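# Close look at the chain arrangement
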Amino acid sequence: MFKLVVGGLSRTPLTVAWWFSRTLAWLWWLVFPIRRAVAIDGFSNAFPDLPAGPNLRRSVAELVMGYIELFQEIRRPFVTLTVENAGVVHEHLGKNQGMIFVAGHFGSWDLLGPMVCRDEALPATVVVKTPRWKPAADFVRDLRLDFGMGLLPPRGSFPRIMEEVSSGRIVVFLLDQRYNKGIPIPFFGRSAWTSPVVTVAAQRSGVPVVGLDYWREGVGDHRARFTGPLEMVGDIEIDSATIQRYYEECIRERPHSGLWLHDRGKQP
């Protein structure tokens, strides 16, 4: 069934796909309000002067559209991706120096993260959770491998992470979700339990930490941007707060781009 859905969406005209995505966003809002209250609470806390409904529906619509574009990109590459500030990354790699990227669940992350690594020919390994549903887990795993990315699980991988950056590779983290065994770090004014793994890895390895943001310009048209290196001072809490402020800055530019369905403020 999963393969049939992917196959059908991979051949759907883009105009139809965009209206389909918007329709699903309205159905989510009106009929199947899964995590809607969580999304409204998080968005309204961060942006009390902005209407939650239009931004959250746009967030869901663009998320759905991103997966349709991903399915179509796998079948027949067509997505346009413009990458800003890639020079800072290639400069470090030219010195055979490893790096750490902090990316986020912005918009179409499963499409654009792998595309950046593929199009820029980056030797990257991503630390990523595996979906619980096996067909989706197999699809995401194969996708990232096909786009040239290495994979590491989020638990028990720290020695491998250090090996990767020491050998001149890039390790990619997405730290904008709750980590129940983490440390409390401010995020849009609330305490959010955050993994300190990047700050510890950067402290021990001395490699630079660079932010990676991406967003939609139009249907089939996206842009990504490298920021940094971010200033790391060697203090776990201070550096973790720096990373979360970077995420805040990205979301403030495009409030609909945050993963508002996830409850960052929930206490473990």
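As a starting point, this report considers the structure included with it. (Residues numbered from 1 in each chain as written. Predicted model: local features only at pLDDT ≥ 70, side-chain atom pairs only at ≥ 80, totals over all residues. Heavy atoms only, no water.)

### As for the overall build of the protein chain
The helix and strand inventory of the protein chain stands at 10 helices and nine strands. On C-alpha atoms alone, the protein chain measures out to a radius of gyration of 18 Å, which is about the 18 Å that the 2.2 N^0.38 rule sets for 268 residues. Residues classed as buried in the protein chain amount to 52% of the 268 residues present. Residue pairs in contact within the protein chain that sit at least 24 positions apart in sequence constitute 76% of those at least 6 positions apart. In the structure as shown, the protein chain presents an accessible area of about 12,900 Å², 56% of it carried by carbon and sulfur atoms. Of the side-chain charges in the protein chain, 31 are positive and 27 negative, and the distance between the mean point of each set is 8 Å. (Helix = DSSP H or I, 4+ residues; strand = E, 2+ residues; numbered from the N terminus. Rg over C-alpha atoms; globule rule 2.2 N^0.38 Å. Buried < 20%, exposed > 50% of the residue type's maximum accessible area, 1.4 Å probe, protein only. Contact = heavy atoms within 4.5 Å. Areas by Shrake-Rupley, 256 points an atom, 1.4 Å probe, with all protein chains shown as cover. Lys, Arg positive; Asp, Glu negative; His and termini not counted. Charge placed at Lys NZ, Arg CZ, Asp CG, Glu CD.)

### Some points on a nonpolar patch on the surface
Taken together, the side chains of F20, L24, W26, L27, L30, V31, F32 and I34 make up a nonpolar region of the molecular surface, amounting to roughly 780 Å² of accessible area. Among the structural elements, L27 can be located in helix α2 (residues 14-30). Judged by its relative accessible area of 34%, L27 is partly exposed. (Patch = residues over 30% accessible without salt bridge, like charges linked within 9 Å, V, L, I, M, F, W, Y side chains within 5 Å. Salt bridge = Lys/Arg side-chain N within 4 Å of Asp/Glu carboxyl O.)

### A closer look at the pairing of strand β1 (residues 80-84)
Working note: regular strand, side chains alternate between the two faces of the sheet. With burial as the criterion, only one face of β1 is covered, namely that bearing L81 and V83; the residues T80, T82 and E84 on the opposite face remain uncovered. Direction of pairing for β1 relative to strand β9 (residues 221-227): parallel, over a ladder of five bridges. In the sheet register, T82 faces β9, and the bridge partner there is R223. (Pairing = 2+ DSSP bridges.)

### Some words on the sheet that holds strand β8 (residues 209-218)
The strand order across the open sheet built from seven strands is β1-β9-β8-β2-β5-β3-β4, with neighbouring strands paired in mixed fashion. Only two strands of the sheet have a single neighbouring strand rather than two, namely β1 and β4 (150-152). Each neighbouring strand pair of the sheet contributes to a mean axis angle of 25°, computed without reference to strand direction. Across three bridges, the pairing between strand β3 (residues 124-127) and strand β5 (residues 170-174) is parallel. In the strand pairing of β5, A124 is matched with I170. Each of β2 (99-103), β3, β4 and β5 touches helix α8 (residues 158-166); the most contacted strand, β5, lies at about 135° to it. (Axes fitted to C-alpha atoms, helices over the stretch in contact; angles between N-to-C directions.)

### Considering the side chain of R57
With respect to the helices, strands and loops of the structure, R57 is situated in helix α4 (residues 52-75). E62 is the oppositely charged side chain nearest to the buried, salt-bridge-free R57, at an N-O distance of 12 Å. Once you skip the residues sitting within four places of it in the chain, R57 turns out to touch A25, W26, W28 and W29.

### Section: the side chain of T242
Looking at where T242 falls in the secondary structure, it is placed in helix α10 (residues 236-253). Given the relative accessible area of 16%, T242 is considered buried. Here the side chain of T242 touches R245 through a polar contact of 3.2 Å, side chain to side chain. Dropping the residues within four chain positions of it, T242 is found in contact with L230, E231 and M232. (Polar contact = N/O pair within 3.5 Å; in protein donor to acceptor, adjacent residues only side chain to side chain.)

### Thoughts on α10
The end-to-end C-alpha separation of α10 is 26 Å, in line with the 26 Å expected for 18 residues at 1.5 Å each. Restricting attention to buried positions, one finds in α10 the residues D239, S240, A241, T242, I243, Q244, Y246, Y247, E248, C250 and I251. Its side-chain oxygen 3.1 Å from the backbone nitrogen of E237, D235 forms the N-cap of α10. (Expected span 1.5 Å × (residues − 1).)

### Side note on the environment of G98
Considering the arrangement of structural elements, one finds G98 in the loop between α5 (87-94) and β2. Look at G98 and you get buried, because its relative accessible area is 2%. A C-alpha to C-alpha distance of 6.0 Å links G98 and V207, two positions 109 residues apart in sequence. Among all residues touching G98, those that are not within four sequence positions of it are V165, G168, R169, V207 and P208.

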